[in-house]
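Coordinate inspection notes
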Amino acid sequence: MAVRAVRGAVQLERDEAGHMDEQVGALLTAVLERNGLSADDLISIWFTATPDLHSDFPAAAARKLGIIDVPLICAQELDIAGAMPRVVRVLAHIESDRPRAEVAHVYLGAAAALRKDIAQ
């Protein structure tokens, strides 16, 4: 079993805790499903949020999905002029037999424009 990293992002429509839970939950669910993973395959997850998001911690959505015993951390994304607003990014470390080239990175909605080279 190898250690792999999965990237993903979602742009929120508004800065509200319930909306963040919904959208980050959808992102994490898509990451798991598209890579054939369960919570037991997760090693850790890093979340970043753009500086315009204040309503909640993105990691709270993971806990609500039942991802309980996985280390999670949140950080603020760099405040770069012209960057896409209201974005939550994910970097999940996983155990997987998939070759690196077959890892499915997930960029939902408008966030797909962030990484057209790896978004699936």
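Residues numbered from 1 in each chain as written. Predicted model: local features only at pLDDT ≥ 70, side-chain atom pairs only at ≥ 80, totals over all residues. Heavy atoms only, no water.

**A few points about unusual backbone geometry**
- The backbone of Arg86 sits at a positive phi, close to 55 degrees, despite the residue not being glycine.
- Residue placement: Arg86 occurs in the loop between strand E3 (72–76) and strand E4 (87–96). (Helix = DSSP H or I, 4+ residues; strand = E, 2+ residues; numbered from the N terminus.)

**Section: the pattern of salt bridges**
- For the coordinates displayed, the defined rule picks out 4 salt bridges.
- Here Glu16 ties to Arg14 by a salt bridge, and the two come within 3.0 Å at their closest N and O atoms.
- On the basis of relative accessibility, which here comes to 41%, the residue Glu16 falls in the partly exposed class.
- Between Lys64 and Asp21 there is a salt bridge, with the nearest N and O atoms lying 2.5 Å from each other. (Salt bridge = Lys/Arg side-chain N within 4 Å of Asp/Glu carboxyl O. Buried < 20%, exposed > 50% of the residue type's maximum accessible area, 1.4 Å probe, protein only.)

**Some thoughts on the nonpolar core**
- Leu42, Ile45, Phe47 and Val88 are the most contacted members of the largest nonpolar core, which has 29 residues in total.
- At the level of elements, strand E1 (2–11), helix H1 (17–34), strand E2 (42–49), helix H2 (59–64), E4 and strand E5 (106–108) are the ones that each hand at least two residues to this core.
- If one sorts the elements of this core by residue count, H1 sits on top with 7 residues.
- Discounting residues that sit within four places of it in the chain, Leu42 has contacts with Leu32, Ile67, Val70, Ala92, His93 and Ile94. (Core = buried A, V, L, I, M, F, W, Y, C linked by side-chain atoms within 4.5 Å. Contact = heavy atoms within 4.5 Å.)

**Remarks on the pairing of E3**
- Judged from the 5 bridges that link them, E2 and E3 form a sheet pairing that is parallel. If you follow Phe47 over to E3, its bridge partner there is Cys74.
- In terms of handedness, the path from E2 via H2 over to E3 forms a crossover that is right-handed. (Pairing = 2+ DSSP bridges. Right-handed = clockwise from strand over helix to strand, strands pointing away.)

**Description of the environment of Ala61**
- Looking at the secondary structure, you find Ala61 in helix H2.
- Placed 37 residues apart in sequence, Ala61 and Val24 show a C-alpha to C-alpha distance of 6.1 Å.
- Leaving out residues up to four positions away in the same chain, Ala61 has contacts with Met20, Asp21, Val24 and Gly25.

**Points about H1**
- Compared with an ideal rise of 1.5 Å per residue, which puts 18 residues at 26 Å, H1 spans 25 Å between its outermost C-alpha atoms and is within 8% of the ideal.
- Within the span of H1, buried status applies to His19, Met20, Asp21, Gln23, Val24, Gly25, Leu27, Leu28, Ala30, Val31 and Leu32.
- In the core, the buried residues of H1 are packed alongside E1, E2, H2, E4 and E5. (Expected span 1.5 Å × (residues − 1).)

**Some details on the sheet that holds E3**
- Strand order in this open sheet of 5 strands is E3-E2-E4-E1-E5, and the pairing throughout is mixed. Unpaired on one side and paired on the other, E3 and E5 mark the two borders of the sheet. In this sheet, neighbouring strand axes are inclined to one another by 15 degrees on average, regardless of whether the strands run parallel or antiparallel.
- Sheet topology note: the E2/E4 ladder contains 7 bridges and is antiparallel. Looking at the pairing, Phe47 lines up with Val90 of E4. (Axes fitted to C-alpha atoms, helices over the stretch in contact; angles between N-to-C directions.)

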